[in-house]
Amino acid sequence: MPYDNDNIFAKILRGELPAFTVYENDQCLAFLDVMPQSDGHTLVLPKQPVQNLFDLDDEAAKYLITAVRKVAGAVQDAFSPDGIRLMQLNGEAAGQTVMHLHMHIIPCYAHSTPLSHAQHMAETEILEEHAAKIRAAIH
Ligand code: 5GP
């Protein structure tokens, strides 16, 4: 299936839809998942129009993992979770619902289980507050 230029994340990357952005550089953009599985659930995307991991070239893959490490560190500092789960889904059969490659950063807390994938819309005020916390922890 070819890359769909009208997928939600392509529109966010073009600035046509809003996002709770926490980090951006020339290669990558990171913003909060609007249906977080836990507080601080963040998505990191390459800016290249690629659908999945296999379409990404090696150079862009390095930029992506570097951005993931940076943002995950900020999520750790901002929310102090007991662990962080990275998740990346390739294809509908794997559960991928937005067809632009992205890595999930999902904070995990010892005494609670992350919510289901893409099920519970968070309140705007909470997402704004959480994005600000992560932005403040990026260095
Ligand atoms: P996937 O299933 O493709 O790995 O993950 C897509 C993620 O995007 C889901 O966790 C879902 O909650 C999130 N999502 C869906 N629509 C939007 C949106 O409009 N904005 C943001 N920030 N996240 C979205």
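Structure's up top.
Owing to the predicted nature of the structure, the values given are computational and were not obtained by experimental measurement. Here the residue numbering is sequential within each chain, running from 1 through the sequence in written order. Local features in a predicted model are, by the rule used here, given only for residues with pLDDT of at least 70; side-chain atom pairs are given and counted only at 80 or more, and totals for whole chains, interfaces and linings are based on all residues. The side-chain numbers reported here are obtained from all heavy atoms of the structure, hydrogens and water having been left aside.

**Q** Could you give me a rundown of the site of the ligand, with the residues and numbers involved?
**A** Around the ligand, the structure places 18 residues, and the nearest of them are Leu32, Asp33, Thr97, His104 and His117. Note that an oxygen atom of the ligand is positioned 2.7 Å from one of the side-chain N or O atoms of Thr97. One of the side-chain N or O atoms of His117 is found 2.5 Å from an oxygen atom in the ligand. When the ligand sits alone it has 510 Å² of accessible area, and the protein chains cover 91% of it. Computed over the protein atoms alone on a 1 Å grid, cavities are sets of points where a 1.4 Å probe fits but cannot get out and pockets are open sets with protein on both sides within 12 Å along at least five of seven lines; a residue lines them when it has an atom within 4 Å of a point. To qualify as sitting in a cavity or pocket, a molecule needs more than half of its atoms within 2 Å of the grid points. Spatially, the ligand is embedded in the largest pocket. Counting from the N terminus, the helices are DSSP H or I runs at least four residues long and the strands are E runs at least two residues long. Sorting elements by how many residues they give to the shell around the ligand places helix H1 (residues 8-13) first, with 3 residues. Lys, Arg, Asp and Glu make up the charged group, whereas Ala, Val, Leu, Ile, Met, Phe, Trp, Tyr, Cys and Pro make up the nonpolar group; the residues left over, Gly among them, are polar. Residues of the shell around the ligand, tallied by class, amount to 11 nonpolar, 6 polar and 1 charged. Whether a residue is near a molecule or strand depends on its heavy atoms: it is near if one of them lies within 4 Å of it. Polar contact is the term for a pair of N or O atoms within 3.5 Å; when the atoms are in protein, one must be able to donate a hydrogen and the other to accept it, and sequence-neighboring residues count only if both atoms are side-chain atoms. Here the open area of atoms and residues is found with the Shrake-Rupley method and a 1.4 Å probe, where only the protein chains shown may cover a residue.

**Q** Describe helix H3 (residues 124-137), with residues and values.
**A** End to end, H3 covers 20 Å across 14 residues, agreeing with the expected 20 Å (1.5 Å per residue, within 8%). Of the positions making up H3, those classed as buried are Leu127, His130, Ala131, Ile134 and Ala137. Each buried residue of H3 lies within a common arc of 125° when the element is viewed along its axis, so the set occupies one face. For H3, the exposed residues lying more than 90 degrees away from the buried face are Glu125 and Ala136. Each helix should span, by expectation, one fewer than its residue count multiplied by 1.5 Å. With a 1.4 Å probe rolled over the protein chains alone, any residue whose accessible area is under 20% of its type maximum counts as buried; one over 50% counts as exposed, and the rest are partly exposed. As used here, the arc belongs to the directions running from the helix axis to the C-beta atoms.

**Q** For unusual backbone geometry, give the residues involved together with the corresponding values.
**A** If you check the backbone angles, Ser80 has positive phi at about 45° while not being a glycine. Position of Ser80 among the secondary structure elements: in the loop between helix H2 (58-79) and strand E4 (83-87). Positive phi outside glycine occurs at Ala118, with the angle close to 55°. Mapped onto the secondary structure, Ala118 falls in the loop between strand E5 (103-108) and H3. Ala118 sits in the partly exposed class, given a relative accessible area of 30%.

**Q** Tell me about the side chain of Ser38, and please be specific about residues and values.
**A** Summarising the element assignment, Ser38 is placed in the loop between strand E2 (28-32) and strand E3 (42-46). The buried category is assigned to Ser38, whose relative accessible area is 12%. With residues up to four places along the chain from it excluded, the contact list for Ser38 reads Ile106, Pro107 and Tyr109. When checking whether two residues touch, look at their non-hydrogen atoms; a contact exists if any pair is within 4.5 Å.

**Q** Go over the environment of Val22, please, and point to the residues and values.
**A** Positionally, Val22 belongs in strand E1 (residues 21-24). Of the residues examined, Val22 reaches a relative accessible area of 6% and is grouped as buried. Taking the C-alpha atoms as reference points, Val22 and Ala131, 109 residues apart in sequence, are found 5.6 Å from one another. With near-sequence residues (within four places) excluded, Val22 lies in contact with Ala30, Phe31, Leu32, Thr42, Val71, Ala131, Ile134, Arg135 and Ile138.

**Q** Report on the pattern of salt bridges, specifying residues and quantitative values.
**A** The salt bridge definition used is simple: a Lys or Arg side-chain nitrogen within 4 Å of an Asp or Glu carboxyl oxygen. Inspection of every chain in the model, using the stated rule, returns 4 salt bridges. In this structure, the salt-bridge partner of Arg14 is Asp6, at a minimum N-O distance of 3.6 Å. Residues joined by salt bridges that share partners form a network here, namely Asp6, Arg14 and Glu16.

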